[in-house]
Amino acid sequence: MMMMNAQQQQQQQQQQQSIKTKGDISSVFSHLGGKETQLDPRLLALKKEIAPKDPAILNAAYQRLLESFEKETPEIKQKGSSIVPQVEFEEIQANNGRFPTNIEAEIRRRGCVVIRNVIPEQEARGYKDQIKSYLANHRGQVEGFPKNDPQVWELYWSQSQVNARSHPRFETATLALNQLWHAQEDTVIDLSKNVGYCDRLRIRNPGDQSFALQEHVDSGSLERWQDPEYRKCYTDIFNGDWEKHDSFDATHRVEARMDYYNSPGGCSVFRNFQGWIAMSDIKTGAGTLRVCPLLQQSVAYFLMKPLIEEYIDKNDYIGALPGLCQGIGKTDYPHIIDNMISMPDVRPGDAVFWHCDQVHAVEQKNDSEVDSSVLYIPSAPLCRINSEYLKIQRDAFEKGLTPPDFPGNHFEETFDDRAKPSTVNDIVKLNMGLIPYPELSADATEGQKKALAIHHKILGFA
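Residues numbered from 1 in each chain as written. Predicted model: local features only at pLDDT ≥ 70, side-chain atom pairs only at ≥ 80, totals over all residues. Heavy atoms only, no water.

In the annotation of an unreviewed UniProt entry, the protein is listed under the name 60S ribosomal protein L8 and assigned to Mucor velutinosus.

The following block contains the structure:
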């Protein structure tokens, strides 16, 4: 069903990415106005291809899953925000660029982490000041969501955003995240490198209730079942062995296709962790991020439920719709919703990261006296699909266009004060694919060597 080889997928994606429609962050959320469409009838047949022939297998797995949620819930209710792993950046630095062992174990379990003091506080506050000046210089020329009072801006090339994405301390933090992942030795990925992925920013005003994101999962929705390679990431779940599922195995993610529908806000790259850098004080209750800190269980829940006996004959993937992110509603997934917790308080320069499969949301209201401001920056390791994307994004950077995964607004094209290739340092140039990486060390794996060779070829350096 809908099978294409890697080269055909690449060509189609490049064609689609060049014609993204205009829009804003609401494009991928049905509750914010994202367009809902009917499911292709062939998706019903696909459910039956994926599910075990014996319905008792998934029924039993599903019951074990619900029991696991019930067992874990009391601890989450008791600890609340403090259940989120937290670590000082200096602890990572002192541990040769890795998380301390106990923190690693907690991140794998909880799916998220707060890293303190990634960017020095005054530098992080300065990011927001620069962005406010940038917006003031182009008043009326940039839009966001909601249109009448933007809280999330369609901006990508401010000096602050470009500098933060390539900040050496941020790079250290994201490479530590990469070390949580693994892949088969011949998998074409280099987890010792990240490429730049250019995303939006948020300056959420005190009292705002417009930018409230309901529970969801990014990086596609139907695609997790629909794409044969993406589906392999979840083989144990689909087989009813969800307890064996490894959320940190990158083997099949490096060629997974996560955007079948050319959504104006879809994601076509492998972001192993999504993340943001705080530019303000953000307390719990101040419009911050919420997550379900049971990574393995929540992924198994939304992937298995459409396939169990009760739903297998319905052309319904329970929250997954074409071109929209995976929705997680209370009626369908009460055990996830009941275990959602908010991030602990953060200071400017602290970073928050969450796994690419993690259920997350944004608090209903910024119930504080200060803005709740962040730069969205994920971790995106070096692999073919990320290098292909970087090539298109590099072209967008050179021309001041909106990056390819985002609505085609191109507000910054004529802004002379945006960051440009001629104004950035070599660290930024490397991150943005403007210059090649140095040669690998002799102990590099075959997968690393292939990933770098492909990267340099895609970007025209070989």
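Let us look at the overall build of the protein. Looking only at helices and strands, the protein features 16 helices and 15 strands. Expected size for 462 residues packed as a compact globule is a radius of gyration near 23 Å; at 21 Å, the protein falls within 12% of this value. By its C-alpha atoms, the protein is 60 × 55 × 45 Å across when sized along the principal axes. In the protein, which comprises 462 residues, the share counted as buried stands at 59%. The contacts in the protein between residues at least 6 apart in sequence include a share of 83% that link residues at least 24 apart. In the protein, which carries 51 positive and 64 negative side-chain charges, the distance between the mean positions of the two groups comes to 2 Å. (Helix = DSSP H or I, 4+ residues; strand = E, 2+ residues; numbered from the N terminus. Rg over C-alpha atoms; globule rule 2.2 N^0.38 Å. Buried < 20%, exposed > 50% of the residue type's maximum accessible area, 1.4 Å probe, protein only. Contact = heavy atoms within 4.5 Å. Lys, Arg positive; Asp, Glu negative; His and termini not counted. Charge placed at Lys NZ, Arg CZ, Asp CG, Glu CD.)

Ranked by size, the top nonpolar core spans 115 residues in total, and within it F99, I115, V118, W181, W225, W276 and I336 carry the most contacts. Setting aside residues no more than four positions away along its own chain, I115 makes contact with V87, F89, I92, F99, A173, D350, A351 and F353. If you look at the next biggest cluster of nonpolar residues, it comprises 17 residues, including Y156, C267, Y389 and F397. (Core = buried A, V, L, I, M, F, W, Y, C linked by side-chain atoms within 4.5 Å.)

A few words on the pairing of strand β8 (residues 273-278). Across the six residues that make up β8, a large majority, six, are buried. The alternating pattern of β8 places F273, G275 and I277 and Q274, W276 and A278 on opposite faces, both of which are buried. Examined bridge by bridge, β8 and strand β12 (residues 351-355) share five bridges and lie antiparallel to one another. Considered in β12, the bridge of W276 is made with V352. For β8 and strand β14 (residues 372-376), the ladder comprises three bridges, and the chain directions are antiparallel. By the bridge assignment, W276 is partnered in β14 with Y376. (Pairing = 2+ DSSP bridges.)

Here we come to the sheet that holds strand β4 (residues 152-153). Pairing in this open sheet of eight strands is mixed, and the strands run β1-β2-β12-β8-β14-β6-β4-β3 from one edge to the other. Each edge of the open sheet carries a strand with a single partner, namely β1 (86-88) and β3 (144-145). Sheet topology places strand β6 (residues 201-204) next to β14; four bridges connect them, and they run antiparallel. Across the sheet, the residue bridging to I203 is S373, located in β14. Lying on the sheet, helix α5 (residues 101-110) is in contact with β1, β2 (112-116) and β8; it crosses β2 at an angle near 135 degrees. Most of the contacts of helix α8 (residues 168-178) go to β12, to which it runs at about 25 degrees, and overall it touches β2, β8 and β12. (Axes fitted to C-alpha atoms, helices over the stretch in contact; angles between N-to-C directions.)

What follows concerns the pattern of salt bridges. Counted according to the given criterion, the structure contains 30 salt bridges. For the salt bridge of D357 with R253, the shortest nitrogen-to-oxygen distance reads 2.6 Å. In this pair, D357 sits in the loop between β12 and β13 (360-362) while R253 sits in the loop between α11 (235-238) and β8, placing the two residues 104 residues apart along the sequence. Overall, R253 belongs to the buried group, its relative accessible area being 3%. Linked through salt bridges whose partners overlap, the residues forming this network are E72, E75, K79, E106, R109 and R110. (Salt bridge = Lys/Arg side-chain N within 4 Å of Asp/Glu carboxyl O.)

Let's shift gears to unusual backbone geometry. Residues F145 and P146 are joined by a peptide bond in cis, for which omega reads -10 degrees. Along the chain, P146 falls in the loop between β3 and β4. In this structure, N117 is a non-glycine residue whose phi angle is positive, near 60 degrees. The exposure class assigned to N117 is partly exposed, which follows from its relative accessible area of 34%. Backbone geometry places S219, a non-glycine residue, at a positive phi of 65 degrees. Mapped onto the elements, S219 comes out in the loop between β7 (216-217) and α9 (223-226).

The pLDDT averaged across the protein works out to 93; a share of 92% of its residues lies at or above 70. In this model residues 10-17 is a low-confidence stretch, pLDDT under 50, and it forms 18 contacts with partners more than four residues away in sequence or in other chains. (pLDDT = per-residue confidence, 0-100.)

Quick look at the packing of aromatic side chains now. Within this structure, the stated rule accounts for 16 aromatic pairs. A centroid spacing of 5.1 Å and a plane angle of 90 degrees characterise the contact between Y301 and Y333, whose relative ring orientation is edge-to-face. Residue Y301 is found in helix α12 (residues 295-304), and its partner Y333 is found in the loop between β10 (326-327) and α13 (334-337); the two are separated by 32 residues along the sequence. The same class applies to Y301 and to Y333, which are both buried. Among the aromatic residues, those joined into a ring-pair cluster are Y62, F69, Y301 and Y333. Between the NZ or CZ atom of K47 and the centre of the ring of Y317, over which it lies, the distance is 5.4 Å. Across from the ring centre of W276, 5.8 Å away, lies the NZ or CZ of R202, which sits over that ring. (Phe/Tyr/Trp six-rings, centres within 6.5 Å; stacked < 30°, edge-to-face > 60°. Lys NZ or Arg CZ within 6 Å of the ring centre and 35° of its normal.)

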